[in-house]
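This is what each chain is made of:
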Amino acid sequence: ETDTASESSYSFGRIKKSPSSLTNLSSSSGMASLSSVSGSLMSIYSADFGNVDVKGNIQFAIDYVEQLNELHIFICQCKDLAVADVKRQRSDPYVKTYLLPEKYRLGKRKTSIKKKTFNPVYNEILRYKIEKELLKNQSLNISVWHNDTFGRNSFLGEVELDLGAWDWNDPSNKQINWFPLKPRNCCIRQNNFKRHLLKQMFCFIFTGKKTLSTGEVHIWVKECHNLPLLRGNRLNSFIKCTILPDTSRKSRQKTRTVTKTTNPVFNHTMVYDGFRPEDLKEACIELTVWDHNKLANHFLGGLRIGLGTGKSYGTTVDWMDSTSDETALWEKMMNSPNTWIEDTLPLRML
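Residues numbered from 1 in each chain as written. Predicted model: local features only at pLDDT ≥ 70, side-chain atom pairs only at ≥ 80, totals over all residues. Heavy atoms only, no water.

Draft legend 1. Representation of the sheet that holds strand 15 (residues 298-306) in the model. If you trace the four strands from one edge of the open sheet to the other, you get 12-11-14-15, paired in antiparallel fashion. The open sheet is flanked by strand 12 (253-254) and strand 15, the only strands paired with a single partner. When strand 11 (residues 237-244) meets strand 12, the two strands line up antiparallel, connected through two bridges. Residue pairing in the sheet places Lys240 in a bridge with Lys254 of strand 12. Running over the sheet, helix 3 (residues 324-335) touches strand 14 (284-291) and strand 15 and is turned about 50° from strand 15. (Pairing = 2+ DSSP bridges. Helix = DSSP H or I, 4+ residues; strand = E, 2+ residues; numbered from the N terminus. Contact = heavy atoms within 4.5 Å. Axes fitted to C-alpha atoms, helices over the stretch in contact; angles between N-to-C directions.)

Here you go:
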């Protein structure tokens, strides 16, 4: 599971060796892996871990404690959970919560792990220190997972509540209730984020004037629209760029930081050389947007612009996963050397 998205949490550098054709890129960039599972900085929509058919229910209650400025989530128990470990016919469940879409800021909360049970009892309170006004733009995600000590944890189901529509004055909403666990629907969540956050980026990409056998890729990052606010009404954003699979830290490029706006204008051009025409089919531009503060930079969203084939130089990679819009932009650039290609794309969100 990807539990954080703070820049300070990344392990810089990758184990995979870059193909020799890309090792001489004068300004190419190698960003960090978002987690050991994702394999790339911006694995935004990770699939559910495991192939468990979701079943069962969870019992919980939520309340906002005015005196403490805290959201309290009382996790009581689960009932009739699915079997995660089929071989041993067992599940070791725990419950995890996030406030969305800002899970990278406020982090997760977890209960203890209950071993060998499909009906775990927790009776634990998970707390978030947050102003009540900010909850209007939040959803509460409560998910159940099987803890696998030697592998990936398996998803057992989730419940999501729209706190913006939640009536905190209704006494029945403070009572302990049962909720059916549901499978994760990444497509619905992705569209929901696009609708409410509507993050867009202007990218102008072209192949530059070629030398004997290689050329340049120019990336003109123009502006972003409607970035999310993480800290009150302040946002200081910048953009990082890498061309995968090159992973050298010294080759990363970034824009300046534009302060106090959710619609920053960068007008920043990044240049990468040493590209052969065939390299364009194997590479992928990863652009990530960050909110800057003194303690840690927080991830806001990003793009991966490439062919989206799933492979690079014959090796299967998780970062070659461009959407149809991202792929279309890259293909236009490949087919129109020495020409600026303009497009506006929605940022992928956590």
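Draft legend 2. Layout of the pairing of strand 15. The element strand 15 is extensively covered by neighbouring structure, given that nine of its nine residues are classed as buried. The pairing of strand 14 with strand 15 spans eight bridges and is antiparallel. Looking at strand 15, one finds that Cys284 is bridged to Gly306. Between strand 14 and the antiparallel strand that follows it, strand 15, lie six residues. (Buried < 20%, exposed > 50% of the residue type's maximum accessible area, 1.4 Å probe, protein only.)

Draft legend 3. Geometry of unusual backbone geometry. Cis geometry is adopted by the peptide bond preceding Pro245, which originates at Leu244 and carries an omega value of 15°. Its location among the elements puts Pro245 in the loop between strand 11 and strand 12. Despite not being glycine, Asn69 shows a phi value in the positive range, around 55°. Note on placement: Asn69 falls in the loop between strand 1 (57-65) and strand 2 (70-79). For Asn69, a relative accessible area of 29% puts it in the partly exposed group. Even without a glycine there, the phi angle at Gln89 is positive, about 50°. Looking at the secondary structure, you find Gln89 in the loop between strand 2 and strand 3 (93-100).

Draft legend 4. Main features of the packing of aromatic side chains. Per the counting criterion, the structure on display carries six aromatic pairs. Judged by centre distance (5.4 Å) and plane angle (75°), the ring pair of Trp145 and Phe155 falls under edge-to-face. Taken as a pair, Trp145 in strand 6 (residues 139-146) and Phe155 in strand 7 (residues 154-162) lie far apart in primary sequence, ten residues in all. The pair formed by Trp145 and Phe155 is uniform in burial state, with each residue classed as buried. Grouped by ring-pair contacts, the aromatic residues Tyr64, Trp166 and Trp168 constitute a single cluster. Looking at Lys79, its charged tip hangs above the ring of Trp178, at a distance of 4.7 Å from the centre. One Lys or Arg, Arg109, reaches over the ring of Tyr128 and ends 4.2 Å from the middle of that ring. (Phe/Tyr/Trp six-rings, centres within 6.5 Å; stacked < 30°, edge-to-face > 60°. Lys NZ or Arg CZ within 6 Å of the ring centre and 35° of its normal.)

Draft legend 5. Representation of the pairing of strand 3 within the structure. Most of strand 3 is tucked away, with eight of its eight residues classed as buried. The two faces of strand 3 match: Pro93, Val95, Thr97 and Leu99 on one face and Tyr94, Lys96, Tyr98 and Leu100 on the other face are all buried. Both strand 3 and strand 6 contribute to a ladder of eight bridges, which runs antiparallel. Among the inter-strand pairings, Tyr98 is bridged to a residue of strand 6, identified as Asn141.

Draft legend 6. Structural detail: the pattern of salt bridges. Applying the stated rule across the entire model yields twelve salt bridges. We note a salt bridge from Glu66 to Lys132, for which the minimum N-O separation is 2.8 Å. Note that Glu66 is positioned in the loop between strand 1 and strand 2 and Lys132 in the loop between strand 5 (121-129) and strand 6, a separation of 66 residues in sequence. Judged by its relative accessible area of 46%, Glu66 is partly exposed. With a relative accessible area of 26%, Lys132 lands in the partly exposed category. When the shortest N-O distance is used, the salt bridge between Asp321 and Arg348 registers 3.3 Å. Of the two residues, Asp321 is situated in the loop between strand 17 (315-316) and helix 3 and Arg348 in the segment after strand 18 (341-346); the sequence distance between them amounts to 27 residues. According to the relative accessible area criterion, Asp321 is partly exposed, its value standing at 30%. One continuous salt-bridge network, built from bridges that share partners, spans Glu286, Arg304, Asp321, Glu326 and Arg348. (Salt bridge = Lys/Arg side-chain N within 4 Å of Asp/Glu carboxyl O.)

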